[in-house]
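Here is how the chains run, residue by residue.
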Amino acid sequence: AQSVSQHNHHVILSEAASLELGCNYSYGGTVNLFWYVQYPGQHLQLLLKYFSGDPLVKGIKGFEAEFIKSKFSFNLRKPSVQWSDTAEYFCAVKNQAGTALIFGKGTTLSVSS
Amino acid sequence: GAGVSQSPSNKVTEKGKDVELRCDPISGHTALYWYRQSLGQGLEFLIYFQGNSAPDKSGLPSDRFSAERTGGSVSTLTIQRTQQEDSAVYLCASSLLPINEQFFGPGTRLTVL
């Protein structure tokens, strides 16, 4: 069965530190990959997505992610985090049937000012 | 309202009772998804509707769970004879195209006592 692994359960950073959140998926075929974010008290919203083309994708709020097919990875990065980036981050991959997203368990990011 | 709406926002019920959760997708979105988020877990896919096609029910955890989508718009998720393990946040999402950007609602927090 397809799965998504997020290696970090809880990450704590100071403002201006660099961020990298790991994500690995199990499916070896054509993949559509997503990062979603859930700020405290808010809905899940899309940060960025990869369907094809340039493996380095840029999203909102200065986030980017790199698709590395050989490593089955889609890690999320941000060069300098802000207190407002405190949130839960979810990596997801489209399932083989194309009917849903398979989500990782999420990474909680806490940024101290 | 431009976003996905869900009602009720919170539901507390007794074990064994039936509950209905409602989702109003974004107007014009043909695809509608239900997910469940349990404490410490990622989002678990439940069911997918796309236009007039037969829904993908492969994620429903038991036959106590059912969902319908009337007129290609509003959807209702019904849980019969609720159990304590059904306690979770139930999220609805919609998208203009299948597995394009999914827009999530605020969720219904279900507590089964």
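Refer to the structure presented above.
In this text the structure is predicted, and so the values were computed from the model without any measurement. (Residues numbered from 1 in each chain as written. Chains lettered and ligands numbered in written order. Predicted model: local features only at pLDDT ≥ 70, side-chain atom pairs only at ≥ 80, totals over all residues. Heavy atoms only, no water.)

S.K.: Mind showing me how you'd approach the overall build of chain B here?
M.R.: Along its length, chain B carries zero helices and ten strands. Reading chain B from its N terminus to its C terminus gives the helix and strand order β-β-β-β-β-β-β-β-β-β. The globule rule puts the C-alpha radius of gyration for 113 residues at 13 Å, and the 13 Å found for chain B is close to it. In terms of principal-axis extent, the alpha carbons of chain B reach across some 35 × 25 × 25 Å. Here chain B, with 113 residues, has 50% of them falling under the buried criterion. (Helix = DSSP H or I, 4+ residues; strand = E, 2+ residues; numbered from the N terminus. Rg over C-alpha atoms; globule rule 2.2 N^0.38 Å. Buried < 20%, exposed > 50% of the residue type's maximum accessible area, 1.4 Å probe, protein only.)

S.K.: Would you mind showing me how to read the interface of chain A and chain B here?
M.R.: A common way to express how large an interface is: the accessible area buried when the components associate. In this assembly, 17 residues from chain A lie in contact with 18 residues from chain B. A buried area of about 1600 Å², summed over both sides, lies between chain A and chain B, and 59% of it is on carbon and sulfur atoms. Our count for the contact surface shared by chain A and chain B stands at zero salt bridges. At the level of elements, β5 (33-38), β6 (44-50), β10 (87-94) and β11 (101-103) of chain A are the ones that each hand at least two residues to the side of chain A that touches chain B. Looking at the side of chain A that touches chain B, its residues break down into nine nonpolar, five polar and three charged. (Contact = heavy atoms within 4.5 Å. Buried area = accessible area lost by both parts, 1.4 Å probe. Salt bridge = Lys/Arg side-chain N within 4 Å of Asp/Glu carboxyl O. Nonpolar A, V, L, I, M, F, W, Y, C, P; charged D, E, K, R; others polar.)

S.K.: Any chance you could explain the sheet that holds strand β7 (residues 75-79) of chain B here in plain terms?
M.R.: By definition, the strands of a sheet pair up through backbone hydrogen bonds, in either a parallel or an antiparallel sense. Residue and element names in this part refer to chain B. With antiparallel pairing, four strands are arranged side by side in an open sheet as β1-β3-β7-β6. At either end of the open sheet lies a strand with only one pairing partner, and these are β1 (5-7) and β6 (65-69). Going across the sheet, the axis of each strand differs from the next one's by a mean of 15°, ignoring polarity. Judged from the three bridges that link them, β1 and strand β3 (residues 19-24) form a sheet pairing that is antiparallel. Within β3, the position partnered with S7 by the bridge is R22. (Pairing = 2+ DSSP bridges. Axes fitted to C-alpha atoms, helices over the stretch in contact; angles between N-to-C directions.)

S.K.: How should I be thinking about the packing of aromatic side chains in this particular structure?
M.R.: Pairs of aromatic rings are described using the distance from one ring centre to the other and the angle between the two planes. The tally for this structure, following the rule as stated, stands at 16 aromatic pairs over all chains. Between B:Y33 and B:Y48 the ring centres are 5.1 Å apart and the planes differ by 35°, which places this aromatic pair in the tilted class. One end of the pair, B:Y33, is in strand β4 (residues 31-37); the other, B:Y48, is in strand β5 (residues 43-50), with 15 residues separating them in the sequence. Across the pair, exposure class does not vary: B:Y33 and B:Y48 are buried alike. Counting every residue linked through ring pairs, the aromatic cluster contains A:F34, A:Y36, A:F51, A:F90, A:F103, B:Y33, B:Y35, B:F45, B:Y48 and B:F104. We note A:K49 situated over the ring of A:F51; from NZ or CZ to the ring centre the distance is 5.3 Å. (Phe/Tyr/Trp six-rings, centres within 6.5 Å; stacked < 30°, edge-to-face > 60°. Lys NZ or Arg CZ within 6 Å of the ring centre and 35° of its normal.)

S.K.: Mind showing me how you'd approach the pairing of strand β12 (residues 107-112) of chain A here?
M.R.: Both faces of the sheet carry side chains from a regular strand, because those side chains alternate between them. All names here are of chain A. Burial along β12 is one-sided: T107, L109 and V111 are buried, while T108, S110 and S112, pointing the other way, are not. Pairing geometry for strand β2 (residues 10-14) and β12, over five bridges, is parallel. By the bridge assignment, L13 is partnered in β12 with V111. Note that β10 and β12 share three bridges and pair antiparallel. What sits directly across from Y89, in β12, is T107.

S.K.: What's the story with the environment of A:V31 in this structure? I'm lost.
M.R.: All names here are of chain A. Along the chain, the position of V31 falls in the loop between β4 (24-25) and β5. Residue V31 is classed as buried on the basis of its relative accessible area of 4%. Residues V31 and S18, 13 residues apart in the sequence, show an inter-C-alpha distance of 27 Å. Excluding residues that lie within four positions of it along the chain, V31 makes contacts with Y25, Y50, F51, F67 and V93.

S.K.: How do you make sense of the side chain of B:T13 when you look at a structure like this?
M.R.: Following the sequence through the fold, B:T13 ends up in strand β2 (residues 10-13). In contact with B:T13, other than residues within four places in its own chain, are B:V19, B:T82, B:L110, B:T111, B:V112 and B:L113.

S.K.: It is not clear to me how the state of the cysteines should be interpreted in this structure. Could you clarify?
M.R.: Formally, a disulfide is one covalent bond, and it connects the sulfur atom of one cysteine to the sulfur atom of another. All names here are of chain A. Inspection of the entire model under this criterion finds two disulfides over all chains. Two residues, C23 and C91, share a disulfide whose sulfurs are 1.9 Å apart. Residues C23 and C91 are joined through a disulfide that is left-handed, its torsion about the S-S bond being -65°. Here C23, found in the loop between β3 (19-21) and β4, pairs with C91, found in strand β10; they are 68 residues apart in sequence, far enough to count as distant. The residues C23 and C91 share a single accessibility class, namely buried. (Disulfide = S-S within 2.5 Å.)

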